[in-house]
Amino acid sequence: MTAAIEVTGATVRYGDVLALDDVYLSVEPGRVCGLLGMNGSGKSTLFKTVLGLVTADRGRVRILGMGNTAARRKGLVGYVPQSEQVDWAFPVRVRDVVMMGRYGHMGRRRRPRPADREAVEHALLRTDLTGLADRQIGALSGGQRKRAFVARAIAQDADVLLLDEPFAGVDKRSEATITDLLLQLRQAGHTLLVSTHDLAQVPELCDEAVLLQRRVIAHGTPEEVLEPDVLLEAFGIHPSEEGRSWTP
Amino acid sequence: MDALTALVEWFTVPMQFEFVQRALLVSVVAGVVCAVLSCWMTLVGWSLMGDAVSHAVLPGVVLSYMFGMPFALGALIFGGGSVALIGVVNRTSRVKEDAVIGVVFTAMFALGLVMISRVPSQTDLGHILFGNVLGVSDGDILQVLLLAAVVLAVVWYKHRDLTMYAFDPVHAHAIGVNPRLLETLLLGLLSVTVVVALQAVGIILVVAMVIIPGATAYLLTDRFERMLMISAAIAFAAAVTGVFTSFHLNVSTGGCIVLAQAIAFTLAYLFSPGQGVLWKGRTARAVRATRAGH
Ligand SMILES: Nc1ncnc2c1ncn2[C@@H]1O[C@H](COP(=O)(O)OP(=O)(O)OP(=O)(O)O)[C@@H](O)[C@H]1O
Ligand SMILES: [Mg+2]
């Protein structure tokens, strides 16, 4: 079976900074893979490499057996960045932003058809944003903005979803909404790569987990990767006992 | 004679002159095309780029006159060439983009000035710099209409992609739309639009036409489609007011058009609901009053 995401020997540098060093990663279709690692361990860089936003010095990326340009053109990849570098004062409504997720499904003029509108309403509903859909995008709270970009990815209906810290800065309720949603997406056969610092959530959400520290330190079931010994080896620290909300 | 008749005649008397009709046509068309593009210019923050392109076309315009070519041809070559040059220098040196823009456009403008002092005297530098819309030829009008139609057609076809690029180029990339291509398209549209507006207001004031209407509309709405319509409406009104005022007072037409736009901006800046300074001031006072009451 072709892997949904396959990274072979990726090495990425930003000038003198070695961000990824010979990274191998393979995620089978229909699985949720958690990407764990300390700040600066290269998680975001790995997402950008898969997307072709940064160019690897060495290594290769395949998405569902295709090069990343071909996969992107086919609309197979959805991306929710860690921090959207967008102008929050931009005159678009939440609904317009979610509609941009549908652009790959539309003709060259990007004129929405009824099916596109339906997909947008559906995505808004699932992210609990229906009541806020007519607001200007900047008139949302941080967690709501996050959900709006998740909604855009859902509306896109991409086979492979890359979510860079979708839980950062969201409250428990939003977190539950998003977790439910991601599990439903897996149910529907999507493949998800999700980075997070919230280890407590990993067993519930993920089929497998990857521990990254510039290179892949461990890759296995959440139980295997979250073994105190593995974490100790990776970071030299134990997860805190209390609540297991350890933040590397 | 009552006020209404006076007002009607204020418009009808100048319209008896063919040169006024032509000036009005060129000003309105140029104004509206610039206004449409200005919405993206304001949002991506390209006002300096607009200034650059407009100044950089000078050598092209001079060359066109020298060789009797359509003015738009030379202008387009130099406008597009300068944008490309800015891009290349920007990518291949450590100088910041605004400095590169500053170097390229002043250099081009200087080249134009030197060239014009060598050109036979029938080209009037004043007309190129400040516009001469009351004296446009048939050929000029034809070029303006043609280029305006091209810009509007491309914008009509691509406006959603351009807005996506302006809002979130990373998303464009992720869904397989090349943001660099959209950027190039927008720069190309800017170059053509600048050339359209040259005839109406001249090199110096073109940048106003590709910034003010969009910036004004931005103060008045949170919706992009409305922003486009408001911007175009402002430019239309400013062109009409500008041309007639300039006729009656016998003053610079380009100056009047841009001044009318600037007045629209000032009004929006002061009175826009929710955004306007006075509005905000009142809200702040209300908040203070409530606090004081407690
Ligand atoms: N644009 C950049 N230029 C230079 N260095 C960068 C750039 N982006 C990231 N880096 C460096 O690359 C390394 C990996 O960064 P990356 O953003 O991938 O980490 P991360 O795992 O996503 O961290 P976090 O948990 O804080 O989001 C870090 O050392 C960072 O400083
Ligand atoms: Mg990161």
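(A) Structural context of the overall build of chain B. Summing up its helical and strand segments, chain B has 14 helices and 0 strands in all. Each helix (α) and strand (β) of chain B, taken in turn from the N terminus, gives the series α-α-α-α-α-α-α-α-α-α-α-α-α-α. For chain B, the spread of C-alpha atoms along the three principal axes comes to 75 × 65 × 35 Å. Taking the intrachain contacts of chain B between residues at least 6 apart in sequence as the baseline, contacts between residues at least 24 apart amount to 73%. Of the roughly 13,700 Å² that chain B leaves accessible, carbon and sulfur atoms contribute 69%.

(B) Broad picture of the sheet that holds strand β3 (residues 32-36) of chain A. All names here are of chain A. Strand order in the open sheet made by the 6 strands is β5-β6-β7-β3-β8-β9, with mixed pairing throughout. The open sheet is flanked by β5 (77-80) and β9 (215-220), the only strands paired with a single partner. Ignoring which end each strand starts from, the neighbouring axes of this sheet average 15° apart. Of the strands in this sheet, β5 and β6 (160-164) are in contact with helix α5 (residues 142-156), which crosses β5 at around 180°. Set on the sheet, helix α6 (residues 172-187) makes contact with β3, β6 and β7 (191-195); between it and β7 the angle comes to about 150°.

(C) Spatial organisation of the sheet that holds strand β2 (residues 17-27) of chain A. Residues and elements named next belong to chain A. Taken in spatial order, the 3 strands line up as β2-β1-β4 in an open sheet, and their pairing is antiparallel. Looking at strand neighbours, the two that pair on one side only are β2 and β4 (58-63), the edges of this open sheet. Ignoring strand direction, the axes of neighbouring strands in this sheet form an average angle of 20°. Judged from the 5 bridges that link them, strand β1 (residues 5-14) and β4 form a sheet pairing that is antiparallel. Looking at β4, one finds that Thr 11 is bridged to Arg 58.

(D) Region of the structure containing the coordination of the magnesium ion (ligand 2). At the metal site, the magnesium ion (ligand 2) is ligated by Ser44(A) (OG) and Gln82(A) (OE1), and these contacts range over 2.0 to 2.1 Å. With Ser44(A) in helix α1 (residues 43-51) and Gln82(A) in the loop between β5 and α3 (94-100), this pair connects stretches of sequence that are 38 residues apart.

(E) Layout of the interface of chain A and chain B. Counting residues at the interface gives 29 residues for chain A, matched by 25 residues for chain B. When the area that chain A buries against chain B is broken down by residue, the three leading residues are Phe90(A), Pro91(A) and Arg109(A), summing to 27%. The residue Arg110(A) makes a salt bridge to Asp161(B) at a minimum N-O spacing of 2.6 Å. Breaking the side of chain A that touches chain B down by element, the ones donating at least two residues are α2 (68-73), β5, α3 and α5 of chain A. Here the side of chain A that touches chain B gets 3 residues from one element, more than from any other, and that element is α5(A). Considered class by class, the residues forming the side of chain A that touches chain B number 15 nonpolar, 5 polar and 9 charged.

(F) View of the pairing of strand β8 (residues 208-213) of chain A. Residue and element names in this part refer to chain A. Counted residue by residue, β8 has 5 buried out of 6 residues, so it is predominantly covered. The pairing of β8 with β9 spans 5 bridges and is antiparallel. Paired with Leu 212 across the bridge in β9 is Val 216.

(G) Quick peek at the site of ligand 1. Residues and elements named next belong to chain A. Close to ligand 1 lie 14 residues, the nearest being Asn 39, Gly 40, Lys 43, Ser 44 and Thr 45. Contact distances for ligand 1 include 2.8 Å between an oxygen atom and a side-chain N or O atom of Ser 44. Between Glu 165 and ligand 1, the recorded distance is 3.4 Å, taken from a side-chain N or O atom to an oxygen atom. Considering ligand 1 on its own, with 630 Å² of exposed area, one finds that the protein chains cover 63% of that surface. The set of elements that each furnish at least two residues to the shell around ligand 1 consists of β2 and α1. By residue number, the principal contributor to the shell around ligand 1 is α1, which donates 3 residues. Residue composition of the shell around ligand 1, grouped by class: 4 nonpolar, 8 polar and 2 charged.

Cut-off values and rules
Residues numbered from 1 in each chain as written. Chains lettered and ligands numbered in written order. Predicted model: local features only at pLDDT ≥ 70, side-chain atom pairs only at ≥ 80, totals over all residues. Heavy atoms only, no water. Helix = DSSP H or I, 4+ residues; strand = E, 2+ residues; numbered from the N terminus. Contact = heavy atoms within 4.5 Å. Areas by Shrake-Rupley, 256 points an atom, 1.4 Å probe, with all protein chains shown as cover. Pairing = 2+ DSSP bridges. Axes fitted to C-alpha atoms, helices over the stretch in contact; angles between N-to-C directions. Donors = N, O, S within 2.8 Å, 3.2 Å for Na, K, Ca; no water. Buried area = accessible area lost by both parts, 1.4 Å probe. Salt bridge = Lys/Arg side-chain N within 4 Å of Asp/Glu carboxyl O. Nonpolar A, V, L, I, M, F, W, Y, C, P; charged D, E, K, R; others polar. Buried < 20%, exposed > 50% of the residue type's maximum accessible area, 1.4 Å probe, protein only. Near = heavy atom within 4 Å. Polar contact = N/O pair within 3.5 Å; in protein donor to acceptor, adjacent residues only side chain to side chain.

So yeah, pure geometry; function would need other evidence.
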